[in-house]
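# Reading the structure
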Amino acid sequence: MGIIQSKTLLPQIPEHVAIIMDGNGRWATRRSLSRLKGHEHGAKAVREAVKGCVELEIPYLTLFAFSSENWKRPEEEVNHLMGLFRFFIKREMNELNSAGVRINFIGNINKLPDDVQILVEYSVDLTKSNSKLVLTIALSYGGQEEIVNAARRLAEKVKTGELNLDDISEEEFASSLDTAGIPDPDLLIRTSGEKRLSNFLLWQSAYSELVFMDVLWPDFKKEDLQQAVDEYCNRCRRYGAVSV
Ligand code: FPP
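Let me begin by describing the structure that accompanies this report. Everything numeric in this text was worked out from a predicted model, so none of it was measured.

## Side note on the pairing of strand 5 (residues 187–190)
- The two faces of strand 5 match: Leu 187 and Ile 189 on one face and Leu 188 and Arg 190 on the other face are all buried.
- Across 4 bridges, the pairing between strand 5 and strand 6 (residues 209–212) is parallel. The residue bridging Ile 189 from the neighbouring strand is Val 211, located in strand 6.

## Brief notes about the side chain of Arg 190
- In this fold, Arg 190 is placed in strand 5.
- Separated by 2.8 Å, the side chain of Arg 190 and the backbone oxygen of Arg 196 make a polar contact.
- Setting aside anything within four residues of it in sequence, one finds Arg 190 in contact with Ile 20, Asp 22, Arg 196, Leu 197, Ser 198, Val 211, Phe 212 and Met 213.

## Digging into the site of the ligand
- Not every one of the 18 residues close to the ligand is listed here, only the nearest: Gly 25, Arg 26, Arg 35, His 39 and Arg 73.
- Residue Arg 35 places a side-chain N or O atom 2.9 Å away from an oxygen atom belonging to the ligand.
- In this structure, Arg 73 approaches the ligand through a side-chain N or O atom, which is 2.8 Å from an oxygen atom.
- Considered on its own, the ligand offers 630 Å² of accessible surface; in the complex 92% of this is hidden by protein.
- Elements with a minimum of two residues in the shell around the ligand: helix 1 (24–30), helix 2 (35–56) and helix 3 (75–98).
- At 5 residues, the largest contribution of residues to the shell around the ligand is made by helix 2.
- Class assignment for the residues of the shell around the ligand results in 8 nonpolar, 6 polar and 4 charged.

## Quick word on the pairing of strand 3 (residues 101–106)
- Most of strand 3 is tucked away: 5 of the 6 residues are buried.
- The pairing of strand 3 with strand 4 (residues 133–141) spans 6 bridges and is classified as parallel. Paired with Ile 103 across the strands is Leu 135, a residue of strand 4.

## Remarks on the packing of helix 3 against helix 4 (residues 114–126)
- Contact pair helix 3 / helix 4: the axes reach a minimum separation of 10 Å and the direction vectors enclose 15°. By the angle between their axes, helix 3 is roughly parallel relative to helix 4. As helix 3 packs across helix 4, the resulting crossing turns out to be left-handed. Here helix 3 contributes Met 82, Arg 86, Ile 89, Lys 90, Met 93, Asn 94 and Asn 97 to the contact with helix 4, which in turn contributes Asp 115, Val 116, Leu 119, Val 120, Tyr 122, Ser 123 and Leu 126.

Cut-offs used in this document
Going along each chain's sequence as written, the residues are numbered from 1 onward. Local features in this predicted model are restricted to residues whose pLDDT is 70 or higher, and side-chain atom pairs enter the listing and the counts only when it is 80 or higher, whereas totals over whole chains, interfaces and linings include all residues. To obtain the side-chain values, all non-hydrogen atoms of the structure were used and water was disregarded. Each residue is placed in one exposure class: buried if its accessible area under a 1.4 Å probe, protein chains only, is under 20% of its type's maximum, exposed if it is over 50%, and partly exposed if it falls in between. Each helix is a run of DSSP H or I of at least 4 residues and each strand a run of E of at least 2, with the numbering of both proceeding from the N terminus. Between any two strands, at least two bridges found by DSSP are needed for them to pair. The term polar contact refers here to a pair of N or O atoms within 3.5 Å; inside protein, the definition further demands a hydrogen-donor-capable atom paired with an acceptor-capable atom, and it admits residues adjacent in sequence only when both atoms are side-chain atoms. The contact rule is simple, with two residues in contact once any of their heavy atoms fall within 4.5 Å. Any residue with a non-hydrogen atom lying within 4 Å of a molecule or strand is treated as near it. Note on areas: these come from Shrake-Rupley sampling with a 1.4 Å probe, and a residue is covered only by the protein chains present in the view. Under the scheme applied here, ten amino acids are nonpolar (Ala, Val, Leu, Ile, Met, Phe, Trp, Tyr, Cys and Pro), four are charged (Asp, Glu, Lys and Arg), and all others, including Gly, are polar. In this description, a line fitted to the C-alpha atoms serves as the axis of each element, helices being fitted only across the stretch in contact, and the angle between N-to-C directions of two axes falls anywhere from 0 to 180 degrees. Angles are sorted into four bins: roughly parallel if under 35 degrees, roughly antiparallel if over 145, roughly perpendicular if 65 to 115, and oblique for all others. The sense of a crossing depends on the near helix, which, turned anticlockwise from the far helix by less than a right angle, makes the crossing left-handed and, turned clockwise, makes it right-handed.

Now the structure itself:
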């Protein structure tokens, strides 16, 4: 692997920001509200993150909205979250489309309720020609599951003779992931003070700068995004090489 000198020291705006939106439940509990209310306010913060990226001219934003493990939450909470995704896509897709946002999804979309799957497909199709911001929403997503699926796809290609074993490279593997065509995140933010990746973008975050913020997700504002970007800009990325 070559030494990436041009990207090494420049404090440039990240091309791709990924966010683990954490703390909806705690935000609600602190206000003696139900966890469901926390998720509703969390959905509002999504608009802040999108607006912030558009303003800062960050071309890729990926949000962890529902993990493959989140299916284990109480049925009422899962149903409420599905309702929020349904409502969010229906309500926001035209506005996002007008703002030049391309909507994209990663994860096991087949597990979502049928009508949510239809909305997912419709919003992706509606916005497919936009290029201001690629907003990727991870739904029923798990990084390990994604890696296993990619390995399966590659194994299948080798089995059918479409691919030689020796041609399996890091690039080939990356192009078999759900995020094929999307650059790896430069900056990965997690809110709520927790310091874990929780199975999010495991392959893709190999060289991401991690920023953990104490703010609970429903309180997240454009200024918090700016703060995380400032921290990113103050770091020196070496990609395993040495500073020049
Ligand atoms: C984690 O907080 C958050 C979630 C599991 C759901 C994220 C969903 C949203 C922000 C709402 C809608 C999103 C979109 C894209 C419309 P938590 O519930 O684990 O919080 P806790 O750790 O404080 O309990």
